[in-house]
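# Fold and contact review
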Amino acid sequence: MSSGQAYNAGAPVVQGTPQIGGVPNISGTPTPYTNAPIGHLAQGPAYQSPVTSNPYAGQQPTYYPPEQHPQHEPGKHHAQHTQHAQHLHHTAAGATKVAGGSAIKTIIIVVTAVVVVAAGGIGAAAYFLSRPQPLISITSNYKVVGTGTLAGASGTILHISGQKFSGNSAITFLLDGNAAPGNPSAQSDSNGNFRADVKITDAWSVGRHTLTARDASNYSTKNSVSVVVVQPGTANTPGPNGAPPDDATFTIDLSAKGTYNSVNQPFTRDEALHITGHPDPAGGTACLNGDNGQKFTSSGVTLDTHIAFSETYSFSCQGSYKSGKVTYTETLLTDVITYTSSGVSCTLTSPQLNQQVTGSYTSQNTFTGTLTYGHVPQSDFHCTNPNSYFYYTGGQGTWTGTVSGLQS
């Protein structure tokens, strides 16, 4: 702002009170689940049939009924013995065949048992594979800065999709293992899939949570998704009532009206309050253009006697924006008033409050709040003429502002 533009601080009242115009402005400091395991049959030792010994070894076979052996002639005894030996051999061979047949049957029984067990394992595997194996995935428009973790605040939406649930089943969402506040739910289709938008409410406590889902057949997701619930305004989420996020940069174009205290005169004022966003958790800063210590010069006339004067002054600011609330304090750092006709000057001896603004976001890009002008007594000015004095009168008012130039 060039020299010659006056500012509108608290109105000065003096013997020949200067009338203060509009304040110069510049930007201040500028802100997954796996399938159930399939059991494998353990490999045992190969089957061996029991060792069978000759049942006739070391003993004379007994025949039933006992044979009646005829009396043989002495010359024929050898032939009869030979026939008997042949008979014994034939009987032993027959016994071996019977034993071998039993062993084969035993092997067949064991193999059959193994086949049955294997069939049972395959059946169990088929059962596990056919069971619902639910999965969910979540997306959000917001993430925790620096970590990428999904985030959300009260009033924001989580977009959830699910697969492999029971078909045509009611889906319940679980926050840390319990039904999510507000009882959000969904319905799966015939293939066990669904999509749902779940709104976070005030009942979701701030902090890190795990989100899962369960169908009406009590099948639950084995995977869980981490979600951080934040205060409105952080993680680039909207502030209360949809206010700009804490890290957004924008301008509040405000219009104020009120009354000066001691002179009971009304005032109006238009200002552009600049909000500069910073990364969480800092929030934004709030300042007017010119609140940087730079000196400006303006001219005007006194309120009561209309005496011309010039003024050189500088400002600083301190302001914040967070969760839809704005505060702003402007300090008059230096101020020298010089009367044109007499050359008498009055100098501010120490920094003083010039104005203070507070407000909150209401809706529809609108802020409302209050404004206060500081009272600076004459004791805070030193004048070159001891018969002269100077002071600022305080005032109060209200303001309404609209958001412009939003960058988030």
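Please refer to the structure placed before this passage.
So, here is what we can say about the structure in this document. (Residues numbered from 1 in each chain as written. Predicted model: local features only at pLDDT ≥ 70, side-chain atom pairs only at ≥ 80, totals over all residues. Heavy atoms only, no water.)

On to unusual backbone geometry. A cis geometry characterises the amide bond from Asp280 onward to Pro281, with omega recorded as 5 degrees. With respect to the secondary-structure elements, Pro281 resides in the loop between strand E12 (265-276) and strand E13 (285-287). The phi angle at Asn168 is positive, at roughly 50 degrees, despite the residue not being glycine. Note on placement: Asn168 falls in the loop between strand E4 (157-163) and strand E5 (170-175). Of the residues examined, Asn168 reaches a relative accessible area of 54% and is grouped as exposed. Phi is positive for Asn218, close to 70 degrees, though the residue is something other than glycine. By the secondary structure assignment, Asn218 is in the loop between strand E9 (207-215) and strand E10 (225-229). (Helix = DSSP H or I, 4+ residues; strand = E, 2+ residues; numbered from the N terminus. Buried < 20%, exposed > 50% of the residue type's maximum accessible area, 1.4 Å probe, protein only.)

What follows concerns the sheet that holds strand E1 (residues 135-139). Sheet architecture is open: 3 strands sit in the order E1-E4-E8, paired in antiparallel fashion. The sheet is open, and its two borders are formed by E1 and strand E8 (194-199), each paired with just one other strand. Averaged over all neighbouring strand pairs, the angle between strand axes comes to 25 degrees, with direction disregarded. (Pairing = 2+ DSSP bridges. Axes fitted to C-alpha atoms, helices over the stretch in contact; angles between N-to-C directions.)

Right, let's get into the nonpolar core. Counting residues in hydrophobic clusters, the biggest one holds 24 residues, and the most contacted among them are Phe250, Ile252, Leu273, Ile275, Val326, Phe367 and Trp399. Those elements that place two or more of their residues in this core are strand E11 (249-260), E12, E13, strand E15 (308-322), strand E16 (325-339), strand E18 (352-363), strand E19 (366-373) and strand E21 (395-407). Once you skip the residues sitting within four places of it in the chain, Ile275 turns out to touch Ala248, Thr249, Phe250, Ile252, Thr285, Ala286, Tyr321 and Val326. By size, the runner-up hydrophobic cluster in this structure holds 21 residues, among which are Phe194, Ile200, Val227 and Val229. (Core = buried A, V, L, I, M, F, W, Y, C linked by side-chain atoms within 4.5 Å. Contact = heavy atoms within 4.5 Å.)

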